[in-house]
Amino acid sequence: MKAVKNETEIKGIIEAHEQDAASLTRFLFWIEQQAKDLFANSNSDGDEKNHEEKDAKTIEDHNNEGRAAASSSNKTTVSSAAREKRIDTFDEYFLAKTVEKFRADGSSEFVGPSFATISSFKANGAIIHYKPEKETAAKVTNKGLYLLDSGGQYKCGGTTDVTRTVHLGTPTELERRCFTRVLQGHIALASVEFPEGTPGPKLDVLARHALWKDGLDYRHGTGHGVGSYLNVHEGPHGISASSRNKGIETTGLVPGMLVTNEPGYYKSGEFGIRIENMMLVKESQSSVDNGKKFFRFQTICWAPLQKRMINTKLLSKQEVAWINEFHAECYRRIEPRLRDEPEVLKWFGEATSPLD
């Protein structure tokens, strides 16, 4: 059954996810540096605008200027006119193309996106399968949540699919609370151990329970199977509360399967939040009960979560420990790939440092 990956496939999948995490980490560093430069002393109200005219700046122009600004300890102040031109092209479509370029530049194994990138700002983030178009893309500022759901195909044998939600300025308390509730659901699912024969839908409630405490929910499945350098959506297994797909209700999760963990929350007209990592089903060390083995998940996406979005007052000690262990694993796996990039590595070290 192709849903169950063999050892060779798993090795390629892990390699692809490490390469992908390094590229996504570079992008997350870059976008924060861009925001600091572009929106310093900004009084923008953050309203999205459709642009009738686009400046002719290319991704390479933005990248060169952003990297120069990030690597120089004595930044030259960018003129107001130049900054305005860069702000005008800093939109959802541009960022979707930029993250693709970071992946292409970051790995010779990268073949192309594994699906059309979801790059959405503020209210567009509440549109679950939003796809930015060049002519109508919203300008991204430091006054709202930016959701990026993207992935790649890698020749070493991996298909990636990862979502990060970030704020390029100061998030509201509501945004932080909703993000934290989504994160708590993500942690609950990632941490569970379950007996063999358990189909994904029996685990779906774990990802929603924290949201339910605040009367919140989301209208999509929690996880889907993923191929090995193949389809980004692959059956027969998955994790969902929906009864439309009968196959996932009868397919038990077994070691070697890949499944995503992607709870979210979408406030119509305001913002969207999703946190997505891919997980590999593995055998647990728990004791066998009545002849049944127990299984667990290994998270295999290693790009950092944005810590300023987390309201630690809502977290248990176990949840804080999970976040710190996750970030320690991110650093352990990805740091060797960033050693020649001191500014990125410094940022990455801070991004993965333990929560206070």
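Not measured: the values here are computed from a predicted model.

The next thing to look at is the overall build of the protein chain. When its secondary structure is counted, the protein chain shows 9 helices and 14 strands. Here the protein chain, with 356 residues, has 55% of them falling under the buried criterion. For the protein chain, the proportion of contacts with a sequence separation of at least 24, taken over those separated by at least 6, is 73%. Carbon and sulfur atoms make up 48% of the accessible area of the protein chain, which amounts to about 15,800 Å² in all.

Packing of helix H1 (residues 7–38) against helix H4 (residues 92–106) brings their axes to within 9 Å, and their N-to-C directions diverge by 135°. Taken together, the axes of H1 and H4 are oblique relative to one another. Every pair of crossing elements has a handedness; the one defined by H1 and H4 is right-handed. Residues Asp20, Ser23, Leu24, Arg26, Phe27, Trp30 and Ile31 of H1 lie in contact with H4, whose contacting residues are Phe94, Leu95, Thr98, Val99, Phe102, Arg103 and Gly106. By residue class, the composition of the contact of H1 with H4 is 8 nonpolar, 3 polar and 3 charged.

Before going further, it helps to spend a moment on the environment of Lys143. Tracing the sequence through the fold places Lys143 in the loop between strand E2 (118–121) and strand E3 (145–150). Judged by its relative accessible area of 37%, Lys143 falls in the partly exposed class.

With 88% of its residues at a pLDDT of 70 or more, the protein chain shows a mean pLDDT of 90. In this model residues 43–58 is a low-confidence stretch, pLDDT under 50, and it forms 34 contacts with partners more than four residues away in sequence or in other chains. In the model, residues 65–77 has pLDDT below 50 throughout and makes 15 contacts with residues more than four positions away in sequence or in other chains.

Looking now at the pairing of strand E10 (residues 258–261). Both faces of E10 are covered, namely the face carrying Leu258 and Thr260 and the face carrying Val259 and Asn261. Taken together, the 4 bridges between E10 and strand E13 (residues 277–283) define a ladder with antiparallel strand orientation. Within the sheet, the bridge partner assigned to Thr260 lies in E13 and is Met278.

With that settled, consider the packing of H1 against helix H9 (residues 342–351). At a minimum axis distance of 10 Å, the contact between H1 and H9 shows a crossing angle of 90°. Put simply, H1 runs roughly perpendicular to H9. Of the residues in H9, those in contact with Thr25, Arg26, Leu28, Phe29, Glu32 and Gln33 of H1 are Glu343, Val344, Trp347 and Phe348. Along the lines of polarity and charge, the residues of the contact of H1 with H9 split into 5 nonpolar, 2 polar and 3 charged.

What follows concerns the pattern of salt bridges. Counted according to the given criterion, the structure contains 21 salt bridges. Here Glu32 ties to Arg308 by a salt bridge, and the two come within 3.7 Å at their closest N and O atoms. Taken together, the positions of Glu32 in helix H1 and Arg308 in the loop between strand E14 (294–299) and helix H8 (317–334) put the pair 276 residues apart, joining distant regions of the chain. In the salt-bridge network here, residues are joined through shared partners; they are Glu15, Glu18, Glu329, Arg332, Arg333 and Arg337.

On to the sheet that holds E13, then. Whenever strands of a sheet pair, they do so through backbone hydrogen bonds, lying parallel or antiparallel. What the 4 strands build is an open sheet, ordered E7-E14-E13-E10; its pairing is antiparallel. Each edge of the sheet is formed by a strand with only one pairing partner; in this case those strands are strand E7 (193–195) and E10. Each neighbouring strand pair of the sheet contributes to a mean axis angle of 40°, computed without reference to strand direction.

Before going further, it helps to spend a moment on the sheet that holds strand E5 (residues 158–159). Read from one edge to the other, the open sheet built from 3 strands follows the order E1-E4-E5, with strand pairing classed as antiparallel. Where the open sheet ends on each side, the last strands, each with one partner, are strand E1 (110–113) and E5. One ladder, built from 3 bridges, connects E1 with strand E4 (residues 152–154); its direction is antiparallel. Its bridge partner lying in E4, Gly112 is registered against Gln153.

Right, let's talk about unusual backbone geometry for a bit. The amide bond that connects Gly235 to the next residue, Pro236, takes the cis arrangement and shows omega of 10°. Relative to the helices and strands, Pro236 is located in the loop between strand E8 (223–224) and strand E9 (238–239). Here the phi dihedral of Tyr229 falls at roughly 55°; this positive angle occurs in a residue that is not glycine. Inspection of the secondary structure assignment puts Tyr229 in the loop between E8 and E9.

Counting buried positions along strand E6 (residues 162–167) gives 6 out of 6 residues, so the element sits mostly inside the fold. Side chains Val162, Arg164 and Val166 project from E6 onto one buried face, and the interleaved Thr163, Thr165 and His167 project onto a second face that is buried too. Of the pairings in the sheet, the one linking E3 to E6 comprises 6 bridges and is antiparallel in character. Each residue of the ladder has a partner; that of Ser150, found in E6, is Val162.

Conventions we followed
Residues numbered from 1 in each chain as written. Predicted model: local features only at pLDDT ≥ 70, side-chain atom pairs only at ≥ 80, totals over all residues. Heavy atoms only, no water. Helix = DSSP H or I, 4+ residues; strand = E, 2+ residues; numbered from the N terminus. Buried < 20%, exposed > 50% of the residue type's maximum accessible area, 1.4 Å probe, protein only. Contact = heavy atoms within 4.5 Å. Areas by Shrake-Rupley, 256 points an atom, 1.4 Å probe, with all protein chains shown as cover. Axes fitted to C-alpha atoms, helices over the stretch in contact; angles between N-to-C directions. Parallel < 35°, antiparallel > 145°, perpendicular 65-115°, else oblique. Left-handed = near helix turned anticlockwise from the far one by under 90°. Nonpolar A, V, L, I, M, F, W, Y, C, P; charged D, E, K, R; others polar. pLDDT = per-residue confidence, 0-100. Pairing = 2+ DSSP bridges. Salt bridge = Lys/Arg side-chain N within 4 Å of Asp/Glu carboxyl O.

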